[in-house]
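Below are the chains, spelled out letter by letter.
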Amino acid sequence: MTSTSFEIRPLTEQELPAAVEMNRVAFGGRRRPAEELPTPKPQPGAVDWGLFDGGRLVAKANDREQQHWFGGRLVPASGFGGVAAAPEWRGGGVAGQLLSRVLAEARARGAAVNTLYRTVPGVYRRLGWEDAGVTAWSTYPTIAMDGLRIPAGMSVRPATAADLPTIGALYRQSAAEGNGLLERSAPWYCDTLDRNDGVTLAIGPDGAVEGYARWERGTGYSTGARLTVSELLARTGPAVTALLANLASWGEALPTLAICLAQGDPVSWAMPVDGTVTSLHPWMLRIIDAAAAVAARGWPAHLTGSVDLEIADEVCPWNAGPRRLIVEEGRARLEPGGSGSLQVSARGLAVLYAGSTQLAALRRAGLIAGDSSADGFLDAATAGPTPALLDAF
């Protein structure tokens, strides 16, 4: 269905139940009586947007205020979740109209990039998003880790509420060393111990916390029962081994260990056997404000140079046109002008920014074209840790 009278605006609190029902239809869920449904409330740092046709909600999206780590610095961001359209309005461009507006609003509050987990990649690619990384769930036979032992000098203990700041600091230190990871000081983010059955800490010889594992015991025993580890992060190899050895103690009761790991996570190197990937969750990146995004992230301190780009971006037209990327002393800026000798689509710019792959692959995909003399420079400028994202939103 089509209309020329669409209204786009934030949802009122009274309209949130309609958004929840649209989510249920779009993403699947059991229909429940109204009296069993929780009353939805606005989240701090998040805005629910709706597109209305004649007063009826036909598309929705949640925009969250957040930050992501790139190159050792924090980049102001928008995170989209719960993007959905009523079945009868799909294919008519309502999602594109809604997301274009919300991107402009996010830029107005200072967001430079956007991240989201995608269910329908084609829709987002048409609007300038591209895959930046993958979070994977894998399973291992718990008994395969039975030979692991807690290293000498290491110990494990359960976390308490007093350990939450230390857990947060461990995560932040690792996030700052990577690309793409969420800064967990976002206003909507709340860390508690009661969202897991257990949080186990690895303690080093000096008594300092060197790692942690969040886990769920699940139900049942023996065949089919599993231990689910939603996050395992450690600063040292002995801490990884200590946590895995402790998890192995569940082997007789829970023969399967399911663990969530970002692509390239070194924890997988400590596993004594190969795991089986059971599900993949790709996440996408979009550049909202190219100049702000370039200025915000970190760049290689040893690299100096420039390249002339011609950016194509119909959804965020303020990014479009000839731009000169200048990198020097760990910082970079994107200035208007230059020859535009290297043509970059919005999707190509997202992948380039994330450092997900090299220029040769982007050329084969048709996301970058033109002069190749600066390919080596851009590969070096964007080289770094494999982009990762662990938090759902």
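Predicted model only: the values in this text are computed from it and were never measured. (Residues numbered from 1 in each chain as written. Predicted model: local features only at pLDDT ≥ 70, side-chain atom pairs only at ≥ 80, totals over all residues. Heavy atoms only, no water.)

A. Fine view of the pattern of salt bridges. For the coordinates displayed, the defined rule picks out 22 salt bridges. The salt bridge partner of Arg-118 is Asp-131, with a shortest N-O separation of 2.8 Å. Of this pair, Arg-118 sits in the loop between β5 (113-117) and α3 (121-126) while Asp-131 sits in strand β6 (residues 130-141), and the two are 13 residues apart along the sequence. One salt bridge in this structure joins Arg-184 and Asp-391, with 3.2 Å as the shortest N-O distance. (Salt bridge = Lys/Arg side-chain N within 4 Å of Asp/Glu carboxyl O. Helix = DSSP H or I, 4+ residues; strand = E, 2+ residues; numbered from the N terminus.)

B. Expanded view of the nonpolar core. Counting 61 residues, the largest nonpolar core has Val-113, Leu-285 and Leu-325 as the members making the most contacts within it. It is helix α7 (residues 346-354) that provides the largest number of residues to this core, a total of six residues. Filtering out sequence-adjacent residues up to four positions away, Leu-285 remains in contact with Phe-70, Val-113, Asn-114, Thr-115, Gly-128, Trp-129, Glu-130, Ala-132, Ala-350, Tyr-353 and Ala-354. Counting 34 residues, the second largest nonpolar core, distinct from the first, contains Leu-11, Ala-19, Met-22 and Val-102. (Core = buried A, V, L, I, M, F, W, Y, C linked by side-chain atoms within 4.5 Å. Buried < 20%, exposed > 50% of the residue type's maximum accessible area, 1.4 Å probe, protein only. Contact = heavy atoms within 4.5 Å.)

C. Representation of the pairing of β5 within the structure. Counted residue by residue, β5 has four buried out of five residues, so it is predominantly covered. Sheet topology places strand β4 (residues 73-85) next to β5; four bridges connect them, and they run parallel. Within β5, the residue paired with Ala-77 across the bridge is Val-113. At this point the chain moves from β4, through helix α2 (residues 94-108), to the parallel β5, and the crossover so formed is right-handed. As paired strands, β5 and strand β12 (residues 276-287) are joined by five bridges and run antiparallel to one another. The residue bridging Thr-115 from the neighbouring strand is Leu-285, located in β12. (Pairing = 2+ DSSP bridges. Right-handed = clockwise from strand over helix to strand, strands pointing away.)

D. Expanded view of the packing of aromatic side chains. Tallying each qualifying case throughout the model produces seven aromatic pairs. Within the aromatic cluster, the residues linked to one another by ring pairs are Tyr-117, Trp-188, Tyr-189 and Phe-393. Its end group placed over the ring of Phe-52, Arg-9 keeps NZ or CZ at 4.1 Å from the ring centre. The lysine or arginine in question, Arg-297, covers the ring of Trp-299, its NZ or CZ lying 4.8 Å from the ring centre. (Phe/Tyr/Trp six-rings, centres within 6.5 Å; stacked < 30°, edge-to-face > 60°. Lys NZ or Arg CZ within 6 Å of the ring centre and 35° of its normal.)

E. Layout of α2. Here α2 is 15 residues long and its end C-alpha atoms lie 22 Å apart, about the 21 Å a rise of 1.5 Å per residue gives. The complete set of buried residues in α2 reads Val-94, Gly-96, Leu-98, Leu-99, Val-102, Leu-103 and Ala-106. Just downstream of α2 lies Gly-110, where phi reads positive at about 110°. (Expected span 1.5 Å × (residues − 1).)

F. Quick look at the sheet that holds strand β14 (residues 321-328). The strand order across the open sheet built from five strands is β15-β14-β13-β16-β17, with neighbouring strands paired in mixed fashion. Looking at the sheet topology across the chains shown, the edges are occupied by β15 (331-336) and β17 (368-370). For this sheet, the mean inter-axis angle between neighbouring strands, taken without regard to orientation, is 30°. Sheet topology places strand β13 (residues 305-312) next to β14; seven bridges connect them, and they run antiparallel. Bridge pairing in β14 places Asp-308 opposite Arg-324. The sheet contacts of helix α9 (residues 375-382) involve β13, β14 and β16 (342-345), and relative to β13 the element is tilted by about 95°. (Axes fitted to C-alpha atoms, helices over the stretch in contact; angles between N-to-C directions.)

G. View of the side chain of Glu-210. Inspection of the secondary structure assignment puts Glu-210 in strand β9 (residues 209-216). Although buried, Glu-210 forms no salt bridge, and the nearest oppositely charged side chain, Arg-235, lies 8.8 Å from it. Among the polar contacts listed, one links the side chain of Glu-210 to the side chain of Thr-236, at a separation of 2.7 Å. Apart from residues lying up to four places away in sequence, Glu-210 is in contact with Met-154, Leu-170, Ala-202, Gly-204, Pro-205, Ala-234, Arg-235, Thr-236 and Ala-239. (Lys, Arg positive; Asp, Glu negative; His and termini not counted. Polar contact = N/O pair within 3.5 Å; in protein donor to acceptor, adjacent residues only side chain to side chain.)

H. Broad picture of the pairing of β6. Sheet topology places β6 next to β12; nine bridges connect them, and they run antiparallel. Of the residues in β12, the one forming a bridge with Asp-131 is Met-284. In this sheet, strand β11 (residues 256-262) lies alongside β6 in antiparallel orientation, the contact comprising seven bridges. Across the sheet, the residue bridging to Thr-139 is Ala-258, located in β11.

I. Region of interest: helix α4 (residues 164-176). Taking 1.5 Å per residue, 13 residues should reach 18 Å; α4 reaches 18 Å between its end C-alpha atoms and fits that length. Within α4 the residues assigned to the buried category are Leu-164, Ile-167, Leu-170, Tyr-171, Ser-174 and Ala-175. For α4, the angular spread of the buried residues around the axis is 135°, confining them to a single face. Residues of α4 that are buried sit in contact with β3 (56-70), β8 (198-203), β9 and β10 (226-234). (Arc of directions from axis to C-beta.)

J. Geometry of the state of the cysteines. By the definition in use, this model includes zero disulfides. Lacking any disulfide linkage, Cys-190 is separated from the closest cysteine sulfur, that of Cys-260, by 20 Å. Using a relative accessible area of 57% as the deciding quantity, one classes Cys-190 as exposed. (Disulfide = S-S within 2.5 Å.)

Everything listed here is a matter of geometry and, on its own, says nothing about what the molecule does.
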